[in-house]
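Coordinate analysis (summary)
This is what each chain is made of:
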Amino acid sequence: MARPVFEIEGLHIDYATELGVLHAVRDVSLAVHEHESFGLVGESGSGKSTLAMGAIRYLASNGTVTEGSVRLNGVELLGLSGKALRELWGSRIGVVYQSPLSALNPSIVIGKQLAEVACQHLGMDQAQARTRVTEMLTKVAMPDPEAVMRRYPHQLSGGMLQRCVIAMALMTDPSLLIMDEPTTALDVTTQAVVLDLVADLKREFDSAILYITHDLGVITKICDRVGVMYAGEFMEQAELRELFKRPRHPYTLDLLGCVPRFDPTPQKRSLVTIPGAIPRVDELPRGCIFGPRCGFVEEACKAARPPLAEVAAAHLSACRRWADVPPPAEYLREATEAVRAEAEGARPGVLVAADGTQVHFKSAKGLVRGRTARPIRAVDGVDLEVRVGQTLGVVGESGSGKTTVARAIIGLTPATGGEITLHGKPLPRSAGKRPRATLREIQMVFQNPDASLNPTRSVGDAIMRPLTLLGGLGRHEAKGRAGELLAAVSLPVSYFDRLPHELSGGEKQRVAIARAFAAEPELILCDEPISSLDVSVQGSLMNLLMKLQVEKSTSYVFISHDLSAVQHLSDAIAVVYLGHVMEIGDAVRVLTPPFHPYTEALLSAVPLADPDVKQKPIRLGGSVPSAMDVPPGCRFHPRCPRRLGDLCREQEPPWRDGEGEHRIYCHIPLDELARLQAETLVLAAAEAGA
Amino acid sequence: MTDSIVAEEEALSGFRAQTPMDRPKTWRLYWRRLKKRPAALVGTIIFCVFLFLAVFGPWVAPYDYQAQNVKVRLDAPSLSHPFGADQFGRDIFSRIIVGTRNIFLIGGFGTLVAVIIGTAIGLASGYVGGASDEVVMRLLDVLLSFPSLLLALVLLSTVGPSNFNLVLVVAVLYIPMVARVVRSMVLDLKNKEFVEAARVRGEKRSYILFREILPNSLPPLLVEASMRFSYSIFLVASLGYLGLGVQPPSPDWGLQINDARNFLPIAPWLLLFPACTIAVLVVSTNLMSDGLRQVMLPGGGRN
């Protein structure tokens, strides 16, 4: 095998902080070859970014590399002077960050920013640089590069910008390309496009890629070799397929079990949970650092820290008991339990129904040109039903209006048209006009855990307030009940007096869930409640939501852009695009053909955490149009891969009723859709079931 | 899936390294940060010394501030009169010490009134929003558009100088600034999810304003208040110099500077020491409020 392009050996990185020196990365080694991409996975706080940035000596001022060796093409980076490093950065080393908008200067046109790199590092003159930029933008599959070069960053969509940043990073044909969560901020559909691109570029360019992500699904799409990091050390390193099929470390096994499996059946099993939380690097446990959370722990694990050792060809694991780690399928059966069986008997009654719900916002009038103000049609005629004790999943790209629908239901953003009913009785549109008894029935869990709790009020206060206000309990009773609720969301009662900043993100979200349940509502609207959290925390929160639903038979509306999570939790699914439902029905029906073409595209874009599943490469071009300019006819037609022509452009599609409870908003007849989609199934079903 | 937290903690305890570095409590964290900023620390200490003088001045001062001693008229600084003596033979050092209280009372109460009224206006205006917010803020802009000293002179010459009126003038001048700071906090906080959660559980408006929003605006409000206080010292001293501030025979720094003008060629210390005192107090208060900002609002933002 050729010698590696980029090698890290025994790297240690320290941070000097207010609390003392933190050993953020300890004794880490890896090697990346040409045309190869090495995936760094781990939960937040595991030191992935610190490792990558420390290795190229691009740390915050309080970070230092204390020990180790880093070689790029055989040249040691750690002894280099600042000047020599600056020459390397940007020419031999390219970096792509998570947020493309902040990676580019907002006041300089794209072409000029990219050309700057060519002038600086390749010694080209302006004309040559421009040619080079055009060439690079073409390589990243940018339509009309000349036009893009004249644009400012804010005039491009996130996906386009990220492609520009990638073009910029590859401009000098660097030996090493570091990609730090480059698709995390993007929509699934855009993410799929960018991932395809990176996979292509990997073959075309000679760069070695260091790819940082928390998403196991993304890893399977582009990485050849994967290193699993935990609290500043590697737990396991292996080839991609080997790692997913035969992990040799319990942490990897647990991580794989946290991610919901794509499985369109009504029966669901719980997800694997990892007890506790990732330790802070200043209070690492004795012995194995994963020991306190490990299901395979023995007394001997506490004695000494197991070294990262080769357990099979090119497979490293830092576990004493690596030989006892079972294959994932076997482990999943043991470590999880059935939580939901197939529904039997009569379909439960309708709890909340939205009928032609509209939320239109007035847009600001142009002061100078006096343009007529067109409304922003955030939600434009949505019909849906939530049944008692069931979960309705709402999916769609950002800008599809899914959050606004929920806000209209709860009355935070009053609907401007249509009717929303609770138990068949119409609800006043604004929350302020609803009586307390009605307010109590609908609660909400918000997306951002940091903002959903008042930072100045204790956890106990937050949970007690709905109890006293809506539940009519006295202080003493409320306190007792709040304690029970804390226990129900698996938090110790000692958290009662804690302030939100003393809690982790997942714990805050648990408190928010306890607060929502405190009012004993019939419906809880969950607006992306797990999106900002780590996979292991996501898994345990999904388990919690399912457990509480079974216990209290509460209904949920679960909003998410993450189809894996939605399919795991939902009985029914609504697919929303640009303020309109495209497809709605029982989860199983929505997830099996026939699909609406939009559902089909979403499904083929979801990165599934299984390297063997083949997904049909259906990619949507462009991005969701502005809700001010909703396209005529079928609003999805400009991006639809199955567009029929003038019919779709001119006429609004009909609702087509499928088997059971299943409706698709499309011009193509259902049997025709089924035939088209059966030819190449989105998922190789047999493999998905395995 | 009923997590056994207890069992988990027991499992953890076996692994616990020696003593974990505990995350310090908020105030201790502030103190730790303050210690690392010597300028802010010095400012805070000097401010505290002045605060002490404001409370205990008359007992600390070596002489009675009104006692006239003809023998030492216009004497240069000496061991018995460290800052010299004025044209009536009064000890300047003592007059400065005793004068501290007036400055603190007028500046302090003026700032306090401004903070209370400004907070009320900012909260209400920011939360209600819409047209009434526009009207209120534009009215405050009108107040802000006058040079503050000029506005103070106009007001004081209308109502006449008295300590009470001085407090009111300071308050009127600073209400718009406090209101703006509070309003910007409200605008930021009112769409936060925890406030929305309060709205959908049917909380009253007053509860949302005073229990949900106000406590979260306190750190920036405190920083703003300390800034306003340092400017109010300046303002009160300026007004004193112009004869519209504290009236004689009360010792006032501004007034002392005004009196000293006539003796500048022969006894410059008459002017030098009160002027320096004002400068030192204003600078130290500024350093302190700057420090507060860095300590309580690191990164220029909230939390």
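Residues numbered from 1 in each chain as written. Chains lettered and ligands numbered in written order. Predicted model: local features only at pLDDT ≥ 70, side-chain atom pairs only at ≥ 80, totals over all residues.

Quick look at the overall build of chain A
Regarding its fold elements, chain A presents 25 helices and 26 strands. Considered along the principal axes of its C-alpha atoms, chain A spans approximately 75 × 65 × 55 Å. Buried positions account for 52% of the 690 residues belonging to chain A. Contacts spanning at least 24 positions in sequence make up 69% of the contacts within chain A whose residues lie at least 6 apart. (Helix = DSSP H or I, 4+ residues; strand = E, 2+ residues; numbered from the N terminus. Buried ≥ 20, exposed ≤ 12 C-beta atoms within 10 Å, placed from the backbone. Contact = placed C-beta atoms within 7 Å.)

Points about helix 10 (residues 253-260) of chain B
Residue and element names in this part refer to chain B. For helix 10, a buried count of six out of eight residues is recorded, marking the element as mostly surrounded by other parts of the structure. Among the residues of helix 10, those classed as buried are Trp 253, Gly 254, Leu 255, Gln 256, Ile 257 and Ala 260. If you follow the buried residues of helix 10, they end up packed against helix 4 (92-128), helix 9 (205-241) and helix 11 (269-296).

Here we look at the environment of Cys 666 of chain A
Residues and elements named next belong to chain A. Tracing the backbone through its elements, the reader meets Cys 666 in the loop between strand 26 (662-665) and helix 24 (670-679). For Cys 666, a count of 27 C-beta atoms within 10 Å translates into the label buried. Taking the C-alpha atoms as reference, Cys 666 lies 8.7 Å from Glu 583; in sequence the two are 83 residues apart. Those residues in contact with Cys 666 that sit more than four places away from it in its chain are His 596, Pro 597, Pro 653, Arg 656 and Leu 673.

Points about the domain arrangement of chain A
Residue and element names in this part refer to chain A. On domain assignment, one finds that chain A holds domain 1 (6-223), domain 2 (252-340), domain 3 (351-359 + 376-574) and domain 4 (592-689). On the domain 4 side, the residues contacting the 10 residues of domain 3 number seven residues. Among the elements of the structure, strand 16 (376-387) and helix 20 (563-569) are those that each provide at least two residues to the side of domain 3 that touches domain 4. Among the elements that line the side of domain 3 that touches domain 4, the one with the most residues is strand 16, at four residues. A class-by-class count of the residues in the side of domain 3 that touches domain 4 yields four nonpolar, three polar and three charged. (Domains from an automatic or database assignment. Nonpolar A, V, L, I, M, F, W, Y, C, P; charged D, E, K, R; others polar.)

As for the sheet that holds strand 8 (residues 208-213) of chain A
The pairing of strands in a sheet comes from backbone hydrogen bonds and takes either a parallel or an antiparallel form. All names here are of chain A. With respect to topology, eight strands assemble into an open sheet ordered 6-7-8-3-9-10-13-12, the strand pairing being mixed. In the strand order of this sheet, the two ends are held by strand 6 (93-96) and strand 12 (309-312), each with one partner. On average, adjacent strands in this sheet sit at an angle of 25° to one another, irrespective of strand direction. Alignment of strand 10 (residues 233-239) against strand 13 (residues 315-317), held across two bridges, turns out to be antiparallel. (Pairing = 2+ DSSP bridges. Axes fitted to C-alpha atoms, helices over the stretch in contact; angles between N-to-C directions.)

Points about the pairing of strand 4 (residues 63-72) of chain A
Residues and elements named next belong to chain A. Taken together, the eight bridges between strand 1 (residues 6-17) and strand 4 define a ladder with antiparallel strand orientation. The partner of Ile 8 across the bridge, within strand 4, is Val 70. Across two bridges, strand 4 lies against strand 5 (residues 75-76) in antiparallel orientation. Bridge assignment links Leu 72 to a residue of strand 5, and that residue is Val 75. Two successive antiparallel strands, strand 4 and strand 5, enclose a turn made up of two residues, where Asn 73 displays a positive phi of approximately 50°.

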